[in-house]
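Secondary and tertiary structure notes
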Amino acid sequence: MTITEVYLDPVATRPVARLAALARFEMRRYVRHPMFPLGIGLLALGCYYLVLRDPLTDPGGLFGVPAFFLGVFGVAIGFRLTHSTRGADEVLDVAPASPQLRTGALCLAALVPFALGALTLAAILIFLRPAGPWAYGMLGPSDRFAMLAGEVAAVALGGPLLGIAVARWVRFAWALPLLVVLASVWVILVNGVAATYPHSFAAELLRLLTPDTYFLTLDQQPRQMETLPGSPWFFLGWQLCLCALAVTVALLRDAAPQRRRPLHVTLAAVGLAAVAMYLLAATGGLGHTVVTRPDGTVIPL
Amino acid sequence: MTATIEIDSVGRRYGSTWALREASFTLGPGVTGLLGPNGAGKTTLLRVLATALPPTTGTVSLLGHDPAVPAQQTGIRRQLGYLPQELGFPRGFTAFEFVDYVAVLKEWTQPDARHEEVARVLDAVGLTHSAAKRIRALSGGQRRRLGLAQALIGSPRILVLDEPTTGLDPEQRATLRAVLAEVAREAVVVLSTHQTEDLAALCERVILLDGGRVNYDGTVVDFVGQAAGRVWLATEPDPRARASWRTGTGLYRNIAEQAPPGAELVEPSLEDAYLLLRGAAPIQAATR
Amino acid sequence: MTAWPALVLLRAVTWPAVLGLTAGAALVGAVGVALGPASTGSAPLATAGALLAAAAAFTMDEPSAPIVDITPTSPVRRTAARAYALSIPILAGALLAIAVHTRDPALSPTALAVAVLGNTLLGFAAACATRRRLAQPGGPAATAITVTLVAAPLLNPIARRVQLFPGSPPATLSSNTWWTLATASSLLTIAVSTYVRAGKPYA
């Protein structure tokens, strides 16, 4: 088949077929990036120590491990994969596959860490041995699932998408370490502020204004679990809206004029949905922090 | 002491692949061209001569010194200029600042003398009026000339140039030839190029590399002479020809080991000799 | 080498990266100082240190490596000239340490200085060690170091044993231990990698 025939072939020229072919290519590149197997290895090690070795007393503390080795590593991989083709921009920009198609394919590659996150979530749910019912605080089975899904699977999806979105707009390589630190520090910051001002609604709003957050905090002295306010389900919705925002922002870069308007509309719609999810997360669930202790005592704060 | 390059049975291996094998020759002042297909080992050989890469086998002597001995290597590098095939530039530099930077690294520590030398080499490559321009604002050809300028600092006795004419227009190539001809009065100049007309115009000697081996080493005149009586014009491409293509006059230029009787023989070019000696599969133009 | 040529060599440092990351470190550190350890612990200050390390990693980038590496100026001199660029992240780290000590006089200035120096040298050492194989080691080295240093205070199994910023006496002891080890290892790495490049032909 000559190149002309390929592009005239109704099957081969369908955008979906081209997107699928490019997405498979990008997924292979994602898997082959050195940080991916490293992240898997460290994730397995971390999960072994946290989930399998001892009965889990701190489900809230669990989130650091998959969030970091899938999410933060994903930020780095997504950023570097996007930047890696910059040298060939002049050639790729005149190829039939538009920059948006290539970006879309990169975003689809985030399904690889997302699938790994989903598998990790399933493994955690199957093998997790909590120290007792008090370890999950006031969260029922449904909320526990939403919390873990957000901490493990949603972050695994959102990390690479954030890296791709930033790399599409920012040309300098040193933005990556800055992004990793700022994203991590922001999460620590907002949770720290919320912990310092537990009765402040403003601090609570700030705590949820982040790609990932705690809903459970273990205190050692005395030994008790704090369930923080907010709805894990709507927070999961907020996280997924952030993922959609990242994809839209990435696609906006170098978008053809006729595509800008639909993307702006999408951006506005997803933004509104994100705001709605955020407000519902902040006003849903528990209205205030509640403490549960191993002896079954429940103390609202 | 006359500038010389002597290599004996030099080979270079990358993993299990030999990029260069058993290369031996002696070069004196003048311009020598390296010719060969992509992957023949030209860049590898040039990097060995530029002391950027150690040979896996064999010996190298540059200006009578052994580059494998650190102290002698430093001495060689003081008298060596190198233009690699691909050259990156630090961000934010002007043309003058970049050459000045390399001059410092070449131990030109006195600012006045150094700036004078930088101005000289920029003038030699026709970049005087672009000296204050940022490198990112220079065209591809101007950047190539900038790369050549830094190689000319200190009037090196060995000049190694990897595809110096890439991106240059005919006028710029003519200027480059003039510059190199002047340098080659006393220095050993080794360059690789795919532009056979540059090689023909500039080089006294040509080394043909193929598959990492030296297939030919001799004068350009003798090299072209290999194709004498083997190049002819015809109204149709000859299927037995090693290479055949349609020229601008509408006739087909054919190259083969033996021309058919009565063929209209023409004066061979360096390119004809290259195609004949390359030994590749026959190159045939599609017939109309 | 006179001072002027060293300045010319310093001009080739990737200053946007060094300054940008140092500014990022100052910002993150300032937030940590403003909020104090009660809110966020030492994590923002520890991660500010990670950005200082990242800034240091970019000082060794050399886009013109094919020609620079075959000049007569030895790798030792070139590395020494570029080491002057470390003064920027070290100065920023010192100012941050002063701010931290001012907010919390109980924190040991020596421990703070050790942490700042250790972070900066770690980034420089990573870049020196990889410079032989990579003309521009800044990106990969900065990413690897940042990810590692950010992981430490965030991940419970490591955070319990490794403190990368002085705080309470046990944390200060842990921080001093790790950063003294890191400083010593970094200096050794810088010396070995640089002198190996200088001593070996074609390095």
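Treat the numbers as computed from the prediction; the structure is a model and nothing was measured. Along every chain, residues carry numbers that run from 1 in the direction the sequence is written. Chains and ligands are labelled by the order in which they are written, letters from A for the one and numbers from 1 for the other. Confidence filtering applies because this is a predicted model: local features only for residues at pLDDT of at least 70, side-chain atom pairs given and counted only at 80 or more, and all residues used for totals across whole chains, interfaces and linings. The side-chain figures draw on all heavy atoms in the structure; neither hydrogens nor water molecules are used.

**Brief notes about the overall build of chain B**
The number of helices and strands found in chain B is 9 helices and 14 strands. With the radius of gyration taken over C-alpha atoms, the globule rule is written as 2.2 Å times the number of residues to the power 0.38. Taken against the 2.2 N^0.38 rule, which gives 19 Å for 288 residues, the C-alpha radius of gyration of chain B at 21 Å falls within 12% of a compact globule. Across its three principal axes, chain B shows a C-alpha extent of roughly 70 × 45 × 35 Å. Relative to its full complement of 288 residues, chain B shows a buried share of 51%. Counting from the N terminus, the helices are DSSP H or I runs at least four residues long and the strands are E runs at least two residues long. Relative accessibility thresholds used throughout: buried, under 20% of the residue-type maximum; exposed, over 50%; partly exposed, between the two (1.4 Å probe, protein chains only).

**Some details on the interface of chain B and chain C**
Contact definition: two residues touch when any of their heavy atoms are within 4.5 Å. Taken together, the contact pairs 38 residues of chain B with 23 residues of chain C. Each of two parts loses accessible area, computed with a 1.4 Å probe, when they are put together; buried area is these two losses added. Carbon and sulfur atoms make up 67% of the surface buried where chain B meets chain C, a total of about 2600 Å² over both sides. Considering only the side of chain B, the residues that lose the most area to chain C are B:Arg77, B:Tyr101 and B:Leu105, jointly responsible for 26% of the buried surface there. A pairing counts as a salt bridge when a side-chain nitrogen of Lys or Arg comes within 4 Å of a carboxyl oxygen of Asp or Glu. The interface formed by chain B and chain C includes 1 salt bridge. Notably, a salt bridge pairs C:Arg11 with B:Glu97, separated by 2.9 Å at the nearest N-O pair.

**Observations concerning the sheet that holds strand S4 (residues 57-62) of chain B**
Residue and element names in this part refer to chain B. Here a strand pair is declared whenever DSSP counts at least two bridges between the two strands. The strand order S2-S1-S4 describes an open sheet built from 3 strands, whose pairing is antiparallel. Edge positions in the sheet fall to strand S2 (17-27) and S4, since each of these pairs with one other strand and no more. The sheet shows a mean angle of 25° between the axes of neighbouring strands, taken without regard to direction. Of the pairings in the sheet, the one linking strand S1 (residues 5-14) to S2 comprises 7 bridges and is antiparallel in character. Along S2, the bridge assignment pairs Arg-12 with Leu-20. Lines are fitted to the C-alpha atoms to define the axes, a helix being fitted only along its stretch in contact, and any angle between axes, read from their N-to-C directions, falls within 0 to 180 degrees. Contacts between helix H1 (residues 42-49) and the sheet are confined to S1, S2 and S4, with S1 contributing the most and set at about 125° to the helix.

**Observations concerning the arrangement of the chains**
Pairwise contact counts over the 2 pairs of chains in contact peak for chains B and C. A minimum C-alpha distance of 11 Å separates chain A and chain B, which share no contact.

**Some thoughts on the domain arrangement of chain B**
All names here are of chain B. Taken domain by domain, chain B consists of domain 1 (1-79 + 156-223 + 281-288), domain 2 (88-153) and domain 3 (224-280). In this structure, domain 1 and domain 2 have C-alpha centres spaced 24 Å apart. Across the boundary between the two partners, domain 1 contributes 15 residues, which contact 9 residues of domain 2. Taking both sides of the interface into account, the surface hidden between domain 1 and domain 2 amounts to around 970 Å²; carbon and sulfur atoms contribute 62%. Of all residues in domain 1, Pro-156, Gln-172 and Val-179 give up the largest surface area on contact with domain 2, accounting jointly for 33% of the area buried on that side. Joining domain 1 to domain 2, the criterion identifies 1 salt bridge. Across the pair Glu-107 and Arg-78 runs a salt bridge whose closest N-O atoms are separated by 2.5 Å. N or O atoms within 3.5 Å of each other form a polar contact, as long as, within protein, one can give a hydrogen and the other can take it, and as long as residues adjacent in sequence are counted only when both atoms are side-chain atoms. Linking domain 1 to domain 2 there are 3 residue pairs in polar contact (both at pLDDT 80 or more). Element by element, the count of residues in the side of domain 1 that touches domain 2 is highest for helix H6 (residues 170-183), at 5 residues. In this count, Pro and Cys sit with the nonpolar residues alongside Ala, Val, Leu, Ile, Met, Phe, Trp and Tyr, while Asp, Glu, Lys and Arg are called charged and the others, Gly among them, polar. Its residues assigned to classes, the side of domain 1 that touches domain 2 shows 8 nonpolar, 4 polar and 3 charged. Note that domain bounds follow an automatic or database assignment of domains.

**Comments concerning a nonpolar patch on the surface**
Residues A:Leu38, A:Leu42, A:Leu45, A:Tyr48 and A:Tyr49 make up a contiguous nonpolar surface patch of about 460 Å² in total accessible area. Here A:Leu38 lies in helix H3 (residues 35-52). A patch consists of residues exposed above 30% relative accessible area that lack any salt bridge, with like charges linked at up to 9 Å and nonpolar side chains (Val, Leu, Ile, Met, Phe, Trp, Tyr) linked at up to 5 Å. Per-residue and other accessible areas were derived by the Shrake-Rupley procedure at a 1.4 Å probe size, with only the shown protein chains allowed to occlude residues.

**Section: the pattern of salt bridges**
All names here are of chain B. The full count for this structure, using the stated rule, is 17 salt bridges over all chains. The residue Arg-120 makes a salt bridge to Glu-117 at a minimum N-O spacing of 2.8 Å. Placement of both Arg-120 and Glu-117 in helix H4 (residues 111-124) is noted, with a separation of 3 residues, approximately one turn of the helix. A salt bridge links Glu-182 to Arg-185; the nearest nitrogen and oxygen atoms lie 3.2 Å apart. A residue is classified by how much of its surface remains accessible, and Glu-182, at 49% relative accessible area, is partly exposed. Bridged by salt links that share partners, the residues Arg-173, Arg-177, Glu-197 and Asp-198 form one connected network.

**What about the interface of chain A and chain C?**
Reports of interface size often rely on the accessible area that becomes lost once the parts have come together. Of the residues lining the interface, 25 residues belong to chain A; the matching set on chain C comes to 28 residues. Summing both partners gives a buried area of about 2200 Å² for chain A against chain C, and 85% of it is carried by carbon and sulfur. Viewed at the interface, chain C and chain A are joined by 0 salt bridges. Contributing elements (two or more residues each) for the side of chain A that touches chain C: helix H5 (64-84) and helix H10 (175-196) of chain A. The biggest single contributor to the side of chain A that touches chain C is H10(A), with 13 residues. Here the side of chain A that touches chain C is built from residues that sort into 18 nonpolar, 5 polar and 2 charged.

**Observations concerning the sheet that holds strand S1 (residues 216-219) of chain A**
All names here are of chain A. The antiparallel open sheet is built from 4 strands, whose spatial order is S1-S2-S3-S4. Every interior strand has two partners, whereas the edge strands, S1 and strand S4 (298-300), have only one. Direction aside, neighbouring strands of the sheet carry axes that sit 25° apart on average. As defined by bridge partners, strand S3 (residues 290-292) adjoins S4 across 3 bridges and the pair is classed as antiparallel. Looking at the pairing, Val-290 lines up with Pro-300 of S4.

**With respect to the layout of surface pockets**
Points on a 1 Å grid, built from protein atoms alone, make a cavity when a 1.4 Å probe fits but cannot get out and make a pocket when they are open with protein on both sides within 12 Å along at least 5 of 7 lines; residues with an atom within 4 Å of a point are the lining residues. Grid points are joined across faces, edges and corners, and a volume is the space filled by probe spheres set on the points. One number sums up the size of the second largest pocket: a volume of about 1600 Å³. In terms of lining, the second largest pocket is formed by 47 residues, of which the most central are B:Gly88, B:Phe89, B:Arg91, C:Pro63 and C:Gln136. Per-element tally for the lining of the second largest pocket: the top contributor is H5(A), with 5 residues. Looking at the lining of the second largest pocket residue by residue, the classes come out as 19 nonpolar, 14 polar and 14 charged. The residues that make up the lining of the second largest pocket include at least three from each of domain 1 (1-79 + 156-223 + 281-288) and domain 2 (88-153) of chain B.

**Observations regarding the environment of A:Leu216**
Inspection of the secondary structure puts A:Leu216 in strand S1. Considering only alpha carbons, one finds A:Leu216 and A:Val290, 74 residues apart in sequence, at a separation of 9.8 Å.

**So, the packing of aromatic side chains**
Each aromatic ring pair is characterised by the separation of its centres together with the angle its planes make. To pair, rings of Phe, Tyr and Trp, with the six-membered ring standing in for Trp, must have centres within 6.5 Å; the planes then decide the type, stacked if under 30 degrees apart, edge-to-face if over 60, and tilted in the middle. Taken as a whole and judged by the stated rule, the model has 11 aromatic pairs over all chains. Here the aromatic rings of A:Phe215 and A:Phe235 are separated by 5.7 Å at their centres, their planes lie at 75°, and the arrangement is edge-to-face. Linking A:Phe215 in the loop between helix H11 (201-208) and S1 with A:Phe235 in helix H12 (residues 232-252), this pair joins segments that are 20 residues apart in sequence. By relative accessible area, which is 3% here, A:Phe235 ends up buried. Considering the side-chain rings of B:Phe89 and B:Phe98, the 4.9 Å spacing of their centres and the 75° angle between planes classify their relative orientation as edge-to-face. Neither residue differs from the other here; B:Phe89 and B:Phe98 are each classed as buried. Here the aromatic cluster, defined as three or more aromatic residues joined through ring pairs, consists of A:Phe68, A:Phe69 and A:Phe73. Charge over a ring is defined by NZ of Lys or CZ of Arg lying within 6 Å of the ring centre and within 35 degrees of the ring normal. Its end group placed over the ring of A:Phe215, A:Arg207 keeps NZ or CZ at 5.1 Å from the ring centre.

**Some details on H5(A)**
All names here are of chain A. A helix is expected to reach a length of 1.5 Å times the quantity of its residues less one. With 21 residues, H5 extends 28 Å from end C-alpha to end C-alpha; this agrees with the ideal 30 Å at 1.5 Å per step. The seven residues ending at a residue and the seven starting there each receive a fitted axis; the angle between those axes is the bend at that residue. Residue Gly-74 marks the point of greatest curvature in H5, where the axis turns by about 30°. Judged by how many residues are buried, H5 sits mostly within the fold: 19 of 21 residues are covered.

**Regarding empty space enclosed by the protein**
Residue and element names in this part refer to chain C. For the structure on display, the rule yields 8 cavities of 30 Å³ or more. Within this model, the largest cavity holds a volume of roughly 110 Å³. Lining the largest cavity are 14 residues, and of these Leu-45, Gly-93, Leu-96, Val-116 and Phe-165 lie nearest its centre. Those elements that provide at least two residues to the lining of the largest cavity are helix H3 (43-57), helix H6 (87-103) and helix H7 (109-131). Across the lining of the largest cavity, the residue classes tally to 11 nonpolar, 3 polar and no charged.

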